[in-house]
Amino acid sequence: MSPPRLKVVLTRRLPDAVETRMRELFDAELNLTDTPMDRAALEAAVRRADVLVPTITDTVDASLIESAGEQLKMIANFGAGVDHIDVEAAVGRGLIVTNTPGVLTEDTADLAMALILAVSRRIVEGAQVVAEGRFEGWTPTWMTGRKLWGKRLGIVGMGRIGQALARRAKAFGMQVHYHNRKPVPDMVAEELGATWWDDLDQMLARMDIISLNCPATKETHHLLSAERLARLQPHALLINTARGELIDESALADAVARRAIAGIGLDVYEHEPAIHPGLLGHANVVLLPHLGSATLEARQDMGDRVITNIMTFQNGHRPPDRVIPAML
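Analysis parameters
Residue numbers here run from 1 along each chain, matching the order of that chain's written sequence. In keeping with the model being predicted, local features are shown solely for residues with a pLDDT of at least 70 and side-chain atom pairs are shown and tallied solely at 80 or more, while totals for entire chains, interfaces and linings include all residues. For the side-chain quantities, the full set of heavy atoms in the structure was used; hydrogens and water were omitted. By this definition, two strands are paired if DSSP reports at least two bridges between them. Numbering of helices and strands runs from the N terminus, with a helix taken as a DSSP run of H or I at least four residues long and a strand as a DSSP run of E at least two residues long. Each axis is a line fitted through C-alpha atoms, and for a helix only the stretch in contact is used; angles between axes span 0 to 180 degrees, taken between their N-to-C directions. Contacts are assigned to residue pairs that have any heavy atoms within 4.5 Å of one another. Under the convention used throughout, the expected extent of a helix is 1.5 Å for every residue step, that is, one less than its residue count. Burial classification: accessible surface area is computed with a 1.4 Å probe over protein chains only, and a residue below 20% of its type maximum counts as buried, one above 50% as exposed, and the rest as partly exposed. Among buried residues, the Ala, Val, Leu, Ile, Met, Phe, Trp, Tyr and Cys ones that are joined through side-chain atoms within 4.5 Å form a nonpolar core. Grid spacing is 1 Å over the protein atoms alone, the probe is 1.4 Å, and a cavity is where that probe fits but cannot get out, while a pocket is an open set with protein on both sides within 12 Å along at least five of seven lines and lining residues have an atom within 4 Å of a point. Grid points are joined across faces, edges and corners, and a volume is the space filled by probe spheres set on the points. Three classes are used, and their members are as follows: Ala, Val, Leu, Ile, Met, Phe, Trp, Tyr, Cys and Pro are nonpolar, Asp, Glu, Lys and Arg are charged, and the others, Gly among them, are polar.

Q: Can you help me understand the sheet that holds strand β5 (residues 96-98) in this one?
A: Within a sheet, each strand pairs with its neighbour through backbone hydrogen bonds, oriented either parallel or antiparallel. Across the sheet, which stays open at both edges, the five strands sit in the order β2-β1-β3-β4-β5 with parallel pairing between neighbours. Single-partner strands in this sheet number two, and they are β2 (27-29) and β5. Averaged over all pairs of adjacent strands, the angle between strand axes in this sheet comes to 15 degrees, irrespective of strand direction. In this sheet, strand β3 (residues 51-53) lies alongside strand β1 (residues 7-10) in parallel orientation, the contact comprising three bridges. When the bridges of β3 are listed, Val8 appears paired with Val51. Most of the contacts of helix α12 (residues 296-314) go to strand β4 (residues 74-76), to which it runs at about 160 degrees, and overall it touches β1, β3, β4 and β5.

See the structure below:
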């Protein structure tokens, strides 16, 4: 007689192929309406699930973990970031926490590069002019933006995504600089022609474009504070495809209002899905609805990694993408 299948609760709708495979392998409970679970629904879920599959829209904090039933053994996150999960509380409770790293690297780097292009060349603004029927023909001085060739790009966080962005920037003829807790291996630095700055403040003051590509932690909360935003050059562009909490959004809105920054491209927000009203309605601000991993391939790969982690755990082995507090 085969052992009972794991009860796996999905908090959001996932790609059809992923959900179908989960139904084949587990006693999978799907969220067909794709409505985010409220607190009561999450509390009920952790009382009946063996494995919870949350997303970034779910807050899995210490009190939720404490309310879980004894049967809960694993939190298999659909996504690379785990800042919405209290990993320390989960591990303290004896739970396995996993994520899906690596599979969205290239897609997020693509989007960061797209935002750099969109803001520097005023692409969204120009497309709106055409859509509204306001294009009256080419003129020498109208809709001029900034070229990328030769510009200095400062990458904050030189992990997988930061390095993937650096490769794209190098292909565009940009000079790559980065701030990281420690320098990347010499081979990587030589490949990218990248310059390491151990002092973030010094790098910020010298770059034409800043891209945030680091995780959200207690140490990186409001990494770009009002004081640090003031260090940016007036012609600088700021790009964020990482986490909204990295920037003091109120201070950023103030900088936009004072025209203390030339342009901004954001895919994430401090209080997502809410966006600071001071960031809306500006021609030099490009705002996207969290599209970093929004490709069919990435979302499928993320689901496959979730399944692999659950299957590995079910078979009595250490999941390949296990997350522990020391990693954060």
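Q: It is not clear to me how helix α5 (residues 105-120) should be interpreted in this structure. Could you clarify?
A: Think of an α-helix as turning once every 3.6 residues; residues three or four places apart then point the same way. Between its terminal C-alpha atoms α5 stretches 23 Å, which fits the 22 Å expected from 16 residues at 1.5 Å a residue. The element α5 is largely enclosed, with a buried count of 12 among its 16 residues. All of the buried residues along α5 are Thr105, Asp107, Thr108, Ala109, Leu111, Ala112, Met113, Leu115, Ile116, Ala118, Val119 and Ser120. Looking one or two residues past α5, Arg122 carries a phi angle of roughly 55 degrees, positive in sign.

Q: Help me understand the sheet that holds strand β7 (residues 175-179) in this model?
A: The sheet built from seven strands is open, its strands ordered β8-β7-β6-β9-β10-β11-β12 with parallel pairing. What marks the edges here is a single partner per strand, and that holds for β8 (195-197) and β12 (285-287). Shown here is a sheet whose adjacent strand axes are inclined to one another by a mean of 15 degrees, direction ignored. Contacts between α5 and the sheet are confined to β6 (152-156), β9 (209-212), β10 (237-240), β11 (263-266) and β12, with β10 contributing the most and set at about 150 degrees to the helix.

Q: Just checking my understanding: could you explain the nonpolar core for this structure?
A: Within soluble globular proteins, side chains that are nonpolar tend to cluster in buried spots. Ranked by internal contacts, the top residues of the largest apolar core, which has 29 residues, are Val156, Ile210, Leu212, Leu238, Ile247 and Leu252. Elements supplying a minimum of two residues to this core: α9 (200-204), β9, α11 (249-257) and β11. It is α11 that provides the largest number of residues to this core, a total of five residues. Aside from chain neighbours lying at most four places away, what touches Ile247 is Leu212, His222, Leu224, Leu238, Asn240, Leu252, Leu266 and Glu270. Grouped together as the second largest cluster of nonpolar side chains are 26 residues, Leu115, Val119, Ala189 and Ile239 included.

Q: Can you help me understand the layout of surface pockets in this one?
A: Empty space among the atoms can be located by rolling a probe the size of a water molecule over them. Here the second largest pocket is characterised by a volume of approximately 340 Å³. Every residue lining the second largest pocket is counted, 22 residues in all, and those nearest its centre are Val119, Ser120, Arg146, Leu237 and Ala262. When contributions to the lining of the second largest pocket are tallied by element, the ones reaching two or more residues are α5 and α6 (123-131). Residue composition of the lining of the second largest pocket, grouped by class: 10 nonpolar, six polar and six charged.

Q: I keep staring at the pairing of β6 and nothing clicks. Help me out?
A: A regular strand places its side chains on the two faces of the sheet in alternate fashion. Counting buried positions over the five residues of β6 gives four, a clear majority of the element. With five bridges connecting them, β6 and β7 associate as parallel partners. From the neighbouring strand, Leu153 faces β7, where its bridge partner is Val176. The pairing of β6 with β9 spans four bridges and is parallel. The residue of β9 that forms the bridge with Ile155 is Ser211.

What is shown is where atoms sit, not what they do.
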